[in-house]
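# Commentary on secondary and tertiary structure
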Amino acid sequence: LRLFLVDMETSRPKTAPSGRMQQLRALRAQRRTKQPSLAKDKIIQDTHTYMNTEVDPVMSGAITYMLIERPGPETMLQVLLEYFTQLAAGVTLTPHAPPTKTPSTARLYMAKQMSPVFTHLMNLVLALRPEDVKAYLVTALAAMIESGDFEPATSAPPPASPAPEPSVPETELEPEAKPEPEPATLPKLPAALTILTLGSESSGKTSFLKSIQGDAAPKTQPTVGFTPVTLGMGDSKITFFDLSGGMPELWSEYYAESYGCIYVINASTSDMQFSADIKLFTETVSSPKMLGKPCLVLLSHPDLPSSRTPEEVLDDFPALESHLVLPAICNGKFNDNVLDPRLDSALSAYFKVLSPLCDELDARVLGDKEEQKKKDEEEKLAKDRRVMKKSLSKALGMNGYEVTDVFSKEDGEEFLAQEIGFMKAEELPAEGPGVAEMCGYQKIALMLVAGMVAPVSKKKRKWTWDEVEEYLKGCREEVERGEMEEEVYKDVEE
């Protein structure tokens, strides 16, 4: 709790970082932008050429075939082995199912099921660069099936010797790339839960949600209001609320039903904006209905020269130590149109933190939702009463309002009858004409009464005519005493 309630005015810089911090970041940026040597540049060019001429033509067909066939995890390697065996023999297998437009489920299948296998195979091919890619893939897949792991058997030699690499001085060699982690097993979660996706404008929230659905390079527009996105993960249905970064004052309306949040921050933004983002995040997670709920701070654009690392962020803002702070590219268009595997790792890490808290959060969310529902109903009744009093003031020409939108007795009764659903005024119950008179035959007041005795939504309570008469009597007395709220509200028709 101390970490959640820490005073940000003392734990974060009020302005841009000190000169020493700026110098450190300038040095980091200089190291990141250092141009590769001629030898390394040649390796990069050779790799691109090899990919375009030898690997892509083979892999693209396999990806399409697997996407249409969609074998399960237990048979995926065997189906791939059969495909490449036939391809090496000069036969291209045709999918059993006709190709269809790729829906969100297919994108999710690509991201969760296909990506780990194909990424592993691509790494093997790029490491050895066999002359016959098809034959090598047959050998590698057979070894993977035999060993029961993604690592091929060490005794299985490649079918062809790789082309010799250009000699590069040892001092110019890049550090050996670490193997990408395998996707973690999703922890046990409730059957349904809601996670908020928050952050300032253009931070990458919508790109993040589209990417985890399998869209490697999504095209996005600024979110207006909120957009719900529901994904099936294991036995759970997780609904992400994509809330507009331009209207953070409305976020609190969704706190009650959330189990936590994923807060996206552009890691390469200016120091002033980054500090403002951290301040808004701290205010959000300190809200009573968010306090103690697990949150992930996702650093988008992490690989730019000016980007902050998680370590740098935690150094500058110690209050974030109680939350997960992880980097990931949210839009594949900044990553050669390839999904960043760190997205999957970040989600897995987040749900591992969330899982053991779900029983406690279930009861808390249920109570918060009931409390929020009651509060919303009270605010709606109070607003309707303000509108009714304003309408009665227009009917009576009081409290600074001129007489506006007032019907004659006959027209007012007929208008009320039609708003309720009757054809004629004669069909109104005995209390109807008296209620219309109490409204002063004012249009908006009559519409409000019709909504009370004949609500369109089944969720709204249906008032009796006696309750409406008592309600109007109280409103008229307040109007005649001049008890009007100072706050100005728009008319219903506006």
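Below is a short write-up of the structure. As the structure is a prediction and not an experimental result, all values here were calculated from the model.

### Re a negative patch on the surface
Judged by side-chain charge, E253, E370, D376, E377, E378 and E379 come together as a negatively charged surface patch. Inspection of the secondary structure assignment puts E377 in helix α11 (residues 358-396). The exposure class of E377 is partly exposed, given its relative accessible area of 44%.

### Notes on the pattern of salt bridges
Applying the stated criterion across every chain, the model contains 11 salt bridges. Among the ionic pairs, R385 bridges to E478, the shortest N-O distance being 3.1 Å. Of the two residues, R385 sits in helix α11 while E478 sits in helix α15 (residues 465-480), which places them 93 residues apart along the sequence. Take E478: its relative accessible area is 16%, and that puts it in the buried class. The closest approach of N and O atoms between E478 and K389, which form a salt bridge, is 2.8 Å. Highlighted residues: E478 in helix α15 and K389 in helix α11, separated in sequence by 89 residues. Residue K389 is classed as buried on the basis of its relative accessible area of 2%. Linked through salt bridges whose partners overlap, the residues forming this network are D303, D340 and R342.

### Some points on unusual backbone geometry
Even without glycine at this site, S202 takes up a positive phi of about 65°. A positive phi angle, near 50°, is found at H301, a position not held by glycine. Note on placement: H301 falls in the loop between β5 (295-300) and α9 (310-316).

### Examining the packing of aromatic side chains
All chains considered together, the criterion is met by 10 aromatic pairs. When the centroid spacing of 6.5 Å and the interplanar angle of 85° are considered together, the rings of F208 and F240 count as edge-to-face. You can see F208 sitting in helix α7 (residues 205-212) and its partner F240 sitting in strand β3 (residues 236-243), a full 32 residues away along the chain. Judged by its relative accessible area of 0%, F240 falls in the buried class. Ring plane angle 65° and centroid distance 5.0 Å describe the contact between Y263 and F281, whose orientation is recorded as edge-to-face. On the criterion of sequence distance, the pair formed by Y263 in strand β4 (residues 261-266) and F281 in helix α8 (residues 271-285) is long-range, its members being 18 residues apart.

### So, α8
End to end, α8 covers 21 Å across 15 residues, agreeing with the expected 21 Å (1.5 Å per residue, within 8%). For α8, the full list of buried residues reads F274, S275, D277, I278, F281, T282, T284 and V285.

### Considering the nonpolar core
Counting 30 residues, the largest nonpolar core has L80, F84, L121, L137 and L141 as the members making the most contacts within it. Within the residue set of this core, elements represented by two or more residues are α3 (38-69), α4 (76-88), α5 (104-128) and α6 (133-147). Among the elements that line this core, the one with the most residues is α3, at nine residues. Excluding residues that lie within four positions of it along the chain, L80 makes contacts with A62, M66, V117, F118, L121 and L141.

### Side note on the sheet that holds strand β6 (residues 324-327)
Read from one edge of the open sheet, six strands run β2-β3-β1-β4-β5-β6, paired in mixed fashion. Looking at the sheet topology across the chains shown, the edges are occupied by β2 (226-233) and β6. The sheet shows a mean angle of 25° between the axes of neighbouring strands, direction not considered. Pairing geometry for strand β1 (residues 192-198) and β4, over three bridges, is parallel. Each residue of the ladder has a partner; that of T197, found in β4, is I262.

Conventions we followed
- Residues numbered from 1 in each chain as written.
- Predicted model: local features only at pLDDT ≥ 70, side-chain atom pairs only at ≥ 80, totals over all residues.
- Heavy atoms only, no water.
- Patch = residues over 30% accessible without salt bridge, like charges linked within 9 Å, V, L, I, M, F, W, Y side chains within 5 Å.
- Areas by Shrake-Rupley, 256 points an atom, 1.4 Å probe, with all protein chains shown as cover.
- Salt bridge = Lys/Arg side-chain N within 4 Å of Asp/Glu carboxyl O.
- Lys, Arg positive; Asp, Glu negative; His and termini not counted.
- Charge placed at Lys NZ, Arg CZ, Asp CG, Glu CD.
- Helix = DSSP H or I, 4+ residues; strand = E, 2+ residues; numbered from the N terminus.
- Buried < 20%, exposed > 50% of the residue type's maximum accessible area, 1.4 Å probe, protein only.
- Phe/Tyr/Trp six-rings, centres within 6.5 Å; stacked < 30°, edge-to-face > 60°.
- Expected span 1.5 Å × (residues − 1).
- Core = buried A, V, L, I, M, F, W, Y, C linked by side-chain atoms within 4.5 Å.
- Contact = heavy atoms within 4.5 Å.
- Pairing = 2+ DSSP bridges.
- Axes fitted to C-alpha atoms, helices over the stretch in contact; angles between N-to-C directions.

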